[in-house]
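# Results of the structural survey
If you want the building blocks of each chain, they are given just below.
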Amino acid sequence: MERNKVKKQKITVYGIVIVLALSMYFNFNLYKENNNFKVSKGAAYQDTVSLTLFYLNEGDVDVWIETLQKEENGDVLLERYIGNLNEIANGYRGMSANVQIIDEQIKNIIRQYRELEKNLVEGKDYQVFKEEINKNITFIRTVLEQVILDLEGEDEVLWYKELSDIETKTGNYIWEQYKE
C-alpha cells in the first residue's frame with residue numbers, strides 16, 4: 001500500500017514537472033512571437049517616418065505649382081504623389097492617437113494640394129493653400145526629425161513602444177507640438 005502511494009506521488013511530481021516544462025516552453029515561444037511582432041511593427045513605423053520625411057520637403061509646393069503650370073501631365077504626376085502621401089498616411093493608423101495626428105496632417109496636405117490644383121486650373125488665388133501646405137510640411141518635418149533623434153538607432157521594439165503606447169515621451173511630444 002505504501003509503495004502504491006509513493007508511486008502515485010512520483011507520477012504526480014513527474015506530471016507537474018512535465019506540465020511546468022511545457023508551460024515554460026509555450027510561454028517562451030509566445031514571448032518570442034510577441035517580440036517578433038513588436039520588431040516588425042517597429043520597423044514598419046520607422047519606415048513610415050523615414051518615408052514621410054522623404055516625400056514631404058519644404059519647397060515641394062513651388063515645384064508642384066511649376067509642374068502643374070508647365071507640364072502637360074502635371075495633374076497626373078500630382079495625383080501619383082498624392083497616392084504616395086495617402087499610402088504613407090495609412091502607415092500612421094496603427095500608432096497611438098497622439099501619433100496619428102501626423103496622419104491627419106498628411107490628409108490635410110492632400111486636401112490642400114487638391115484645392116491648390118483646382119485654383120490653379122480656374123485661375124484663382126492659390127497662395128493660402130501654398131502657405132498652409134508649407135506650414136503643415138514644416139510641422140511634420142520638425143516633429144518627425146525630433147522623433148528620429150529621440151529614437152535614434154535601430155531598436156525596433158523601442159520604436160514600437162514609443163509610437164503605439166498611449167502615454168509615451170514621443171507620443172506626448174507630438175501631441176504637445178500639435179496643440180501649439
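Further up the page is the structure itself.
Description of the structure in this document.

Criteria and cut-off values
Residues numbered from 1 in each chain as written. Predicted model: local features only at pLDDT ≥ 70, side-chain atom pairs only at ≥ 80, totals over all residues. Heavy atoms only, no water. Patch = residues over 30% accessible without salt bridge, like charges linked within 9 Å, V, L, I, M, F, W, Y side chains within 5 Å. Areas by Shrake-Rupley, 256 points an atom, 1.4 Å probe, with all protein chains shown as cover. Salt bridge = Lys/Arg side-chain N within 4 Å of Asp/Glu carboxyl O. Helix = DSSP H or I, 4+ residues; strand = E, 2+ residues; numbered from the N terminus. Buried < 20%, exposed > 50% of the residue type's maximum accessible area, 1.4 Å probe, protein only. Arc of directions from axis to C-beta.

Attention now goes to a nonpolar patch on the surface. A surface patch of nonpolar side chains, about 440 Å² in accessible area, is lined by Ile-18, Leu-22, Tyr-25 and Phe-26. Locating Ile-18 in the fold gives a position in helix α1 (residues 2-55).

A separate point is helix α7 (residues 169-179). Taken together, the buried positions of α7 are Thr-170, Gly-171 and Ile-174. Projection of α7 onto a plane perpendicular to its axis shows the buried side chains occupying an angular sector of 100°, all on one side. The exposed residues of α7 that point more than 90 degrees off its buried face are Lys-169 and Lys-179.

This next bit is on the pattern of salt bridges. One pass over the structure, following the stated rule, counts six salt bridges. A salt bridge links Lys-179 to Glu-176; the shortest N-O distance between them is 3.4 Å. Remark: Glu-176 and Lys-179 occur in helix α7; sequence separation between them is three residues, near one turn of the helix.

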